[in-house]
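Letter by letter, the chains look like this.
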Amino acid sequence: MAPRRGKATGAASEAEAAAPRVSAPRVKGVPTEPRESPAVPEAARPSARRCGPARPSGSRREKSGPDPQEKRQVRARAARAEDRVEGPPARTEGVMPPAAPGPPLPRRASRREGTARSARERRPQPGPTEVPEPLVPVPSLGRGKEAPGSWKPRAVLEKLRLSRQEISEAAEVVNRLTDHLLRRLQSCESEFKGVAQLRTGSYYERVKISAPDEFDVMFKLEVPRIQLEEYYNSGAHYFVKFKRNPKGNPLGQFLEGEILSASKMLSKFRKIIKEEIKNIEDTDVMVERKRRGSPAVTLLVRKPKEISVDIILALESKSSWPASTKGGLPISNWLGAKVRNNLRRQPFYLVPKHAKEGSGFQEETWRLSFSHIEKEILKNHGQSKTCCEIDGVKCCRKECLKLMKYLLEQLKKKFGNRKELDKFCSYHVKTAFFHVCTQDPDDSQWHCKDLELCFDNCVTYFLQCLKTEQLEHYFIPEFNLFSRDRIDKLSKEFLSKQIEYERNNGFPVFGEF
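Naming follows an unreviewed UniProt entry, where the protein chain appears as Cyclic GMP-AMP synthase of Phocoena sinus. Under Sequence similarities (unreviewed entry), UniProt gives the following word-for-word description of the protein chain: "Belongs to the mab-21 family."

(A) Representation of empty space enclosed by the protein. Taken as a whole and judged by the stated rule, the model has two cavities of 30 Å³ or more. Each pocket or cavity is described by its volume, and for the second largest cavity that value is around 40 Å³. Along its surface, the second largest cavity is lined by M404, L407, L408, L411, V429, F462, L495 and I499. Listed by contribution, the elements that provide at least two residues to the lining of the second largest cavity are α11 (397-414) and α14 (489-504). Sort the elements by how many residues they give to the lining of the second largest cavity and α11 lands first, with four residues.

(B) Examining the nonpolar core more closely. Grouped together as the largest cluster of nonpolar side chains are 103 residues, with contacts concentrated most on F192, L260, M265, F269, L299, W446 and F455. It is helix α13 (residues 451-468) that provides the largest number of residues to this core, a total of nine residues. Structurally, this core is a two-domain feature, drawing no fewer than three residues from each of domain 1 (155-319 + 349-371) and domain 2 (381-512). When neighbours within four sequence positions are excluded, F269 is seen to be in contact with L185, F192, F219, V297, I311 and L313. By size, the runner-up hydrophobic cluster in this structure holds seven residues, among which are I312, A314, Y349 and V351.

(C) Structural context of the pairing of strand β8 (residues 296-303). Burial analysis of β8 places six of its eight residues in the buried class, which makes it a mostly covered element. As paired strands, strand β7 (residues 284-287) and β8 are joined by four bridges and run antiparallel to one another. If you follow M286 over to β8, its bridge partner there is L300. Here β8 runs beside strand β9 (residues 307-317); their pairing, made up of six bridges, is antiparallel. For L300, the partnering residue across the bridge sits in β9 and is S308.

(D) Representation of the environment of R345 within the structure. Within the secondary structure layout, R345 lies in the loop between α9 (337-344) and β10 (348-351). When its relative accessible area of 63% is taken as the criterion, R345 is described as exposed. C-alpha of R345 to C-alpha of W321: the two residues are 24 residues apart in sequence and 8.1 Å apart in space. Here N342 takes part through its side chain, which lies 2.7 Å from a polar atom of the side chain of R345.

(E) Spatial organisation of the pattern of salt bridges. Under the definition given, this model contains 23 salt bridges. Among the ionic pairs, E316 bridges to K220, the shortest N-O distance being 3.6 Å. In this pair, E316 sits in strand β9 while K220 sits in strand β2 (residues 214-222), placing the two residues 96 residues apart along the sequence. Take E316: its relative accessible area is 7%, and that puts it in the buried class.

(F) Region of interest: the packing of aromatic side chains. In total, this model carries 21 aromatic pairs according to the counting rule given. Both rings, one in W321 and one in F370, keep their centres 4.8 Å apart while their planes meet at 50 degrees; by these two values the pair is tilted. Of this pair, W321 sits in the loop between β9 and α9 while F370 sits in the loop between β13 (366-369) and α10 (371-379); the two residues are 49 residues apart in sequence, bridging distant segments of the chain. Given the relative accessible area of 8%, W321 is considered buried. On the basis of relative accessibility, which here comes to 3%, the residue F370 falls in the buried class. Members of the aromatic cluster, connected to one another through ring pairs, are W321, F370, F433, F434, W446, Y474 and F475.

The rules we used
- Residues numbered from 1 in each chain as written.
- Predicted model: local features only at pLDDT ≥ 70, side-chain atom pairs only at ≥ 80, totals over all residues.
- Heavy atoms only, no water.
- UniProt positions renumbered as here; feature names shortened; annotations may be inferred.
- 1 Å grid on protein atoms, 1.4 Å probe; cavity = no way out; pocket = protein on both sides within 12 Å on 5 of 7 lines; lining within 4 Å.
- Points joined across faces, edges and corners; volume = space filled by probe spheres on them.
- Helix = DSSP H or I, 4+ residues; strand = E, 2+ residues; numbered from the N terminus.
- Core = buried A, V, L, I, M, F, W, Y, C linked by side-chain atoms within 4.5 Å.
- Buried < 20%, exposed > 50% of the residue type's maximum accessible area, 1.4 Å probe, protein only.
- Domains from an automatic or database assignment.
- Contact = heavy atoms within 4.5 Å.
- Pairing = 2+ DSSP bridges.
- Polar contact = N/O pair within 3.5 Å; in protein donor to acceptor, adjacent residues only side chain to side chain.
- Salt bridge = Lys/Arg side-chain N within 4 Å of Asp/Glu carboxyl O.
- Phe/Tyr/Trp six-rings, centres within 6.5 Å; stacked < 30°, edge-to-face > 60°.

Here it is in structure tokens:
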């Protein structure tokens, strides 16, 4: 029904003037019926009190008006109503006469054309309970126009939740496969007969995302009385020597002079596994092609479901941790100095991950690994001993790590044909996350209700690492994971730009693929 035209009289005018109105949001391109929108009758406007009698907008000047006494009463009532709503009237000068009738023009919700504002537009907005339903539906914001806080982190995490049945089925296949290989490696004629399984990786840390289709399995082999020789002050890569090399040592065949060759040992380990999988009858499995510089033997299970299993050989040393780790593991203010000391008394591991040397690799070197300590930290991640236990207060630390891993994973899928993201991996994200935990040690800083803020803090820290080209290894402070000899500057700038775009637009990549 069109707004009533003409002059306002009596109590109806006062009621209309006193009632605040909220106009529905206007959507560009959606036609609306022409309408007049004076929330206060024309006679009640400040301009009407100062510039003569009011006229209906767009009409010709009336030759005769109402009784002067009646006009004064209307003005007085309208003025009192207006003052109650918006306080003292503002001065309005130079009000132009109304325009001639013509086709309606689109109007903005906040301001009228011309110099005079309507009283409706200067009123404060009413509370949510007073807002009527909008007459025109408002479309959702498109990509590039997401308002901060518009994405739903809990909905993303729900999508990443792994089903118990899927986990159980995948774990059964992987356990059957690894048990078979362990029995073969532990046989008397094997050079690796002392090997045992070390359960590490995202599956055992309970931060696995998307699908249980990738597993890391570490086979540890204790090597007593070894001596480490640091490779070019790297802090992370070492040559391994035996302090004493008694005859009959099964690892003697892998020596290059005095050095235990990582490449020779990995090659033999790979050969045994490749031969043994032929004897596995109930699983369709194959060994994938060797990746240059990788410490893993990657198995691909094709049936009943495709699963990738990285089997990593690790030397276990129960000696003191190397000097390069002295300033690492900065958890004293987070988990406590006592916890740190106890963790440093655990063994450390060396995996056949070769140091980069020019355009190639130094294939006799081993790299330090602390994946078992990372698992322990994530398992007991709160300052409070009961953090995230059944009866304890829940935090959002692991949720933030999952979202960070998923962000990188989705970007790598989105730009799969771009080489800039090839060298980035989930370990970079995990390392940055550990540093944020050190920076924000209190459980109260990771409250579940603050998930979006906590995730944003993790993103901010990671972006800072990319921009400064500095990401310290959490256990080896002098080892920079973002140095230019490991990842070039252009790649870091590319990833930084993509993450900035995602954050500014409500992470649309979380809804892709």
